[in-house]
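Architecture and fold: a report
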Amino acid sequence: MVEAQAGGGGLQFVLHVVRGRWFSLFASFLIMSGAGATYLFGTYSQEIKLSLGYDQTTLVLLGFFKDLGANVGVLSGLIAEVSPTWFVLLVGAAMNFTGYFMIWFSVIGKISKPKVWQMCIYICLGANSQNFANTGALVTSVRNFPESRGNMIGLLKGFTGLSGAIMTQLYLAVYGNDAQSLILLIAWLPAALSLVFVYTIREMKVVRQPNQQTVFFHCLLISIVLALFLMVMTLLEKAVSFSHAAYVVAAAVSCALLFSPLLVFIREELAIWRQMKQMPVDNGGAANTNAENPPVTVEDNELNQIPEPQKEINSKTSTSSSCFSKIFFEKPARGEDYTILQALLSTDMLILFLATFCGLGSSLTAVDNMGQIGGSLGYPKTTVKSFLSLLSIWNFFGRIFSGFVSESLLVRYKFPRTLMMTLVLLLSCIGLLLIAFPFPRSLYVASIIIGFSFGAQLPLLFTIISELFGLKYYSTLFNCGQLASPLGSYILNVKVTGPLYDREALKDLGIKGLTRASVKELTCMGSQCYRLAFIILASVTFFGAMASLILVARTRQFYKGDIYKKFKEQADAPDTEMASSNSNNKTS
C-alpha cells in the first residue's frame, strides 16, 4: 500500500512538473533554441547555388526573401490574438517543415528544378515560421512571468541567438559535414520541438515567488556557459580537423547544457510540491491540486473579456467621431492595455519605431557587410571568420545584458528602460565610427561593440512595448514594432551603403585605367570604401539615440512608479481571497 501511494505520489509530482509554469518556460527555451534557422543561411546557401545553378544575384534575392519572412511577423501576431497558443505553434511547425523540406527536395534533385519565384516562396515561408515560434513561446512566457519580463525576453532571445551554433553542432554529429543534410535538419527539428511541446506552452495563473529572480540568474549562468562552450567549439572546428566521434561528444555536451535548466526547474517545482503537501487539510483540498499553476482556459479568458452591460450599450450608441477620439485623444494610461490602433498611432510608438529604424537598421547593415569590410581592409579570410564569430557571441551577450541588467536597474533604481535604449544606441555609434575611421585591429573592437549593441536592441524593444502598451495585444504589437528592422536595413544597406561602396570601387577602377566591363566582380580595397557610408550610419544612429531620449523624457514619470503593481495585485488577490474564505469557514 505504501509503495502504491509512493508510486502514485511520484506520478502526481511528474504531472505537477509538466503542467507547471517552469516546465512551460523550459519548453519555450527549447523552441527558441530551434527558431534561429535563418542564421544558418550562409552555411547552406552555397549548396543551393551549386545544386540549382544560381548566380550570386539570385542568391542575394533568396537572402532578401529569407530576411523578409524572418522579420514580418504581423500575421503570427494577428493569429495569436484570435486563437490559442497550441494553434500558433502548429501553424509555425507546418510552415517550417513545408518551406525547408521543399528546399531540401529541390537541392537533392527529388523534384524538378523549381523556378526562382517558387524558391523565394519556400524560403520566405520557412523563415516566417520563426515568428510563430517567437509569438507562441515568448509572448506566453512574458504573460506567465510579467514581473520578470526583462529577464524573460533576454533569456529567450539569447537562446535564439545561440540556435544557429546549437544546430550546427547537432548536424555535424548526426549527418557529418554535409550542408544538404543541414537543410533537412532545419526542416524537421524545429517542427518536432513545436509538436512535442505544443500543449505544454500555455498561459497560466500568475503566482509571485520570492526566489524567482534567483532561478532566472541560474538560467543566465547556464546560458553563458553554453555560449562560451559553443564559441570555443566553433573556433576549434575551424582550426582543427575533428573526427565524427568528437563531433558527437561536442553535440552531447551542448545538449546537456541546453537541458540543464530543467534540473533547476524541477528543484523549484519540488519545493513548491512539498509546500503544497504541508498545507492544512481545511484549505479545501488545495494541497492535492496544482494550486500554483491552474491553466487559464479559453472559457476563463472569454469570461474575463465579457464587457459590462453599460459599456456594451455605450459601444452600440457610439459614433465614428467617438471612435476617432478614443484612438487619438482618450488613450489609456501608460502600462494599461492599449488597442492595436491606439498603440500603433501613439506618439510613444512612433518615436520607438524611429529609434528602432535608425539603430537596428544601421546595426543590421554593419552585420551584413562585416565580411566584405574585413576584405576591403586587407584582413585574411580566417580572420574575417573570427569577426563573424565575435559578432555572434557578443550578440548573445547583448541580449542577455539588456534583459537582466535593465531589469535589475529598473527594480533597484527606477532606471528607465528607454534610457538603456539610448545608451545602447550611443554605444553602437562608436562601433560604426571605428569602421569609418579604422586603425590596426580596430575591426576586432568594432565587431564586439556592434554585435553587443545589435543584440541588446531587440529585447529592449520588445520589453518597452510590453511595458508601455500592456500585454492584451502584445502578440501583434511586438511583431509590428520589429518591422522597423528590415525597413531600416533595406534603406540603409541597399539604398545607401551598397551604392556608396560601388562608387568607391568604380573610382579605384578609374585610377587603374579599367572600366566596369573589364572586371567580373566589383571590389574595393582600402579604408575609403566604407568611410562615407558608415559616417552616415553613425549619424543616423545618433539621431535615433536623440529620438529615444525624447521617449525617456516622456516616460520618466511612468518608470518612477511601480510599473508591475497591477500584476502584483492580481497575483496576491487569490491568496487574500483564500485566507478570507478560510477565516469565514472557521468562524462559522
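Going by the structure above, here's the rest.
First things first, this report covers the structure right here in the doc. (Residues numbered from 1 in each chain as written. Predicted model: local features only at pLDDT ≥ 70, side-chain atom pairs only at ≥ 80, totals over all residues. Heavy atoms only, no water.)

Focus on the environment of Gly431
Residue position: Gly431 is located in helix H18 (residues 417-436). Overall, the relative accessible area of 0% leaves Gly431 in the buried class. Separated by 16 residues in the primary sequence, Gly431 and Ser447 have C-alpha atoms spaced 7.4 Å apart. (Helix = DSSP H or I, 4+ residues; strand = E, 2+ residues; numbered from the N terminus. Buried < 20%, exposed > 50% of the residue type's maximum accessible area, 1.4 Å probe, protein only.)

Thoughts on the side chain of Thr463
You can see Thr463 is positioned in helix H19 (residues 442-469). For Thr463, the contacting residues outside a window of four places in its chain are Arg149, Gly150, Ile153, Arg417 and Tyr474. (Contact = heavy atoms within 4.5 Å.)

Quick word on helix H6 (residues 85-108)
Its 24 residues place the ends of H6 35 Å apart at the C-alpha level, agreeing with the 34 Å of an ideal helix rising 1.5 Å per residue. One or two steps after H6, the chain reaches Gly109, where phi turns positive at roughly 80°. (Expected span 1.5 Å × (residues − 1).)

Digging into the nonpolar core
Within the largest apolar cluster, 122 residues are counted, with the highest numbers of intra-cluster contacts made by Tyr44, Ile48, Leu62, Ile103, Phe265 and Tyr474. Per-element accounting of this core gives the leading share, 12 residues, to helix H8 (residues 149-174). Apart from residues no more than four positions distant in its own chain, Ile48 is found in contact with Gly53, Tyr54, Leu62, Ile103, Val107 and Met119. Membership of the second largest hydrophobic core comes to 31 residues, among which are Val496, Tyr501, Leu522 and Val540. (Core = buried A, V, L, I, M, F, W, Y, C linked by side-chain atoms within 4.5 Å.)

Quick look at the pattern of salt bridges
For the structure shown, the criterion picks out six salt bridges. Two residues, Glu203 and Arg143, come together in a salt bridge whose shortest N-O distance is 2.9 Å. Taken as a pair, Glu203 in the loop between helix H9 (179-196) and helix H10 (212-239) and Arg143 in helix H7 (residues 116-144) lie far apart in primary sequence, 60 residues in all. Residue classification places Glu203 among the partly exposed residues on the basis of a relative accessible area of 25%. On the basis of relative accessible area, Arg143 is assigned to the buried category, the value being 17%. (Salt bridge = Lys/Arg side-chain N within 4 Å of Asp/Glu carboxyl O.)

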